[in-house]
Amino acid sequence: FCLLVLSTTANANIITVNQLAPAMNAIMFSDSQNPMALIDWKVGDSQDQQVTLTSFGMKGTLHKEAFKEEGNGIWVRQEMTLPIMNDKSEVLYDRDSGKILRYIHNGKDESIPEGNIEIIGQTREVIEVPAGKFQTIHITAKSKDIKQIDLWAAPRQISLDGSAKTLMDQGQMKIEMVLTKFTKN
């Protein structure tokens, strides 16, 4: 389950929970379990990741945290700090469907981009990142704007979207995000 909001220009690329759920469901859950019912994120759940713009050799950080409940939804804030920019996004998720109900980028309400993700492949893999060693689902995907997305996720072990590592190839910009620590309440 993944929420990646990368705003490197005026537009944002968003990969949402409900877009990757079919791939996660196919590998992780039996037919009797609904992956969306597992969006039980709690206020205080968080992740810290190291972000590397590999094309430019720049490093920064990403902090994600569930910070407020609203009705049947939960707000998640992402704050990315890089030498060339600071970026803040707040997203309200519906717990039942995983859909984004509201998206606030750098203090302004924005429409939710219509990003269709095509799943190319999915496998189980054990990976080790600074936050630990995890049995993950490696999902390979692409979209109109992103040539290749590689996501290693362990949603049962890691808080929020479960992402342990993400690689994104946007042509001239290649981005790597690696989990350094997390809190799961």
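For the structure, see preceding data.
These numbers come from a predicted model, not from an experiment. (Residues numbered from 1 in each chain as written. Predicted model: local features only at pLDDT ≥ 70, side-chain atom pairs only at ≥ 80, totals over all residues. Heavy atoms only, no water.)

A. Representation of the sheet that holds strand S12 (residues 163-169) within the structure. Taken in spatial order, the 11 strands make up an open sheet running S8-S7-S6-S5-S4-S3-S13-S12-S11-S10-S9, and their pairing is antiparallel. Because the sheet does not close on itself, it has two edges, and the strands there are strand S8 (108-110) and strand S9 (118-129). Across the sheet, the axes of successive neighbouring strands diverge by a mean angle of 20°, strand direction being ignored. As judged from the 5 bridges shared by strand S10 (residues 132-142) and strand S11 (residues 148-153), these two strands associate in the antiparallel manner. Counterpart to isoleucine 139 in the pairing with S11 is leucine 151. (Pairing = 2+ DSSP bridges. Helix = DSSP H or I, 4+ residues; strand = E, 2+ residues; numbered from the N terminus. Axes fitted to C-alpha atoms, helices over the stretch in contact; angles between N-to-C directions.)

B. Local environment of the pattern of salt bridges. Scanning the entire structure with this criterion turns up 9 salt bridges. Taking the shortest distance from any N to any O, the salt bridge between glutamate 69 and arginine 95 comes out at 3.5 Å. Here the residue glutamate 69 occupies a position in strand S4 (residues 58-70), and arginine 95 occupies one in the loop between strand S6 (85-94) and strand S7 (100-105), the gap between them amounting to 26 residues. Overall, the relative accessible area of 49% leaves glutamate 69 in the partly exposed class. On the accessibility criterion, arginine 95 (15% relative accessible area) is buried. Glutamate 118 is paired through a salt bridge with lysine 142; the nearest N and O atoms lie 4.0 Å apart. Placement of the pair is glutamate 118 in strand S9 and lysine 142 in strand S10, with a sequence separation of 24 residues. Lysine 142 sits in the partly exposed class, given a relative accessible area of 33%. Within this structure, Arg77, Lys88 and Glu90 form a network of salt bridges that share partners. (Salt bridge = Lys/Arg side-chain N within 4 Å of Asp/Glu carboxyl O. Buried < 20%, exposed > 50% of the residue type's maximum accessible area, 1.4 Å probe, protein only.)

C. Quick peek at the side chain of aspartate 169. Note that aspartate 169 resides in strand S12. On the basis of relative accessible area, aspartate 169 is assigned to the buried category, the value being 18%. Within the structure, aspartate 169 has its side chain in polar contact with the backbone nitrogen of glycine 171 (distance 2.8 Å). If sequence neighbours within four positions are ignored, aspartate 169 has contacts with Ile146, Lys147, Gln148 and Lys174. (Polar contact = N/O pair within 3.5 Å; in protein donor to acceptor, adjacent residues only side chain to side chain. Contact = heavy atoms within 4.5 Å.)

D. Layout of the nonpolar core. Grouped together as the largest cluster of nonpolar side chains are 15 residues, with contacts concentrated most on Val51 and Ile175. Among the secondary structure elements, those contributing two or more residues to this core are strand S3 (46-53), S4, strand S5 (73-82) and strand S13 (174-183). Membership of the second largest hydrophobic core comes to 10 residues, among which are Ile39, Ile74, Val91 and Ile100. (Core = buried A, V, L, I, M, F, W, Y, C linked by side-chain atoms within 4.5 Å.)

E. Summary view of the packing of aromatic side chains. Scanning all chains against the criterion turns up 3 aromatic pairs. For the ring pair tryptophan 41 and tyrosine 93, a centre distance of 5.1 Å and an interplane angle of 90° mean the geometry is edge-to-face. In this pair, tryptophan 41 sits in the loop between helix H1 (17-28) and S3 while tyrosine 93 sits in strand S6, placing the two residues 52 residues apart along the sequence. In this structure tryptophan 41 comes out as buried when scored by relative accessible area, which is 6%. The ring of tryptophan 152 carries the charged tip of lysine 165 above its face, separated from the ring centre by 5.3 Å. (Phe/Tyr/Trp six-rings, centres within 6.5 Å; stacked < 30°, edge-to-face > 60°. Lys NZ or Arg CZ within 6 Å of the ring centre and 35° of its normal.)

F. Highlighting the side chain of threonine 136. Note on placement: threonine 136 falls in strand S10. Overall, threonine 136 belongs to the buried group, its relative accessible area being 2%. With near-sequence residues (within four places) excluded, threonine 136 lies in contact with Thr123, Arg124, Glu125, Ile127, Trp152, Ala153, Ala154 and Ala164.

G. A look at unusual backbone geometry. Positive phi values are uncommon outside glycine, yet asparagine 106 reaches one of about 50°. Examined against the element boundaries, asparagine 106 turns out to sit in the loop between S7 and S8. Here asparagine 106 falls in the partly exposed class, since its relative accessible area comes to 41%. One non-glycine residue, leucine 160, lies in the positive phi region at around 55°.

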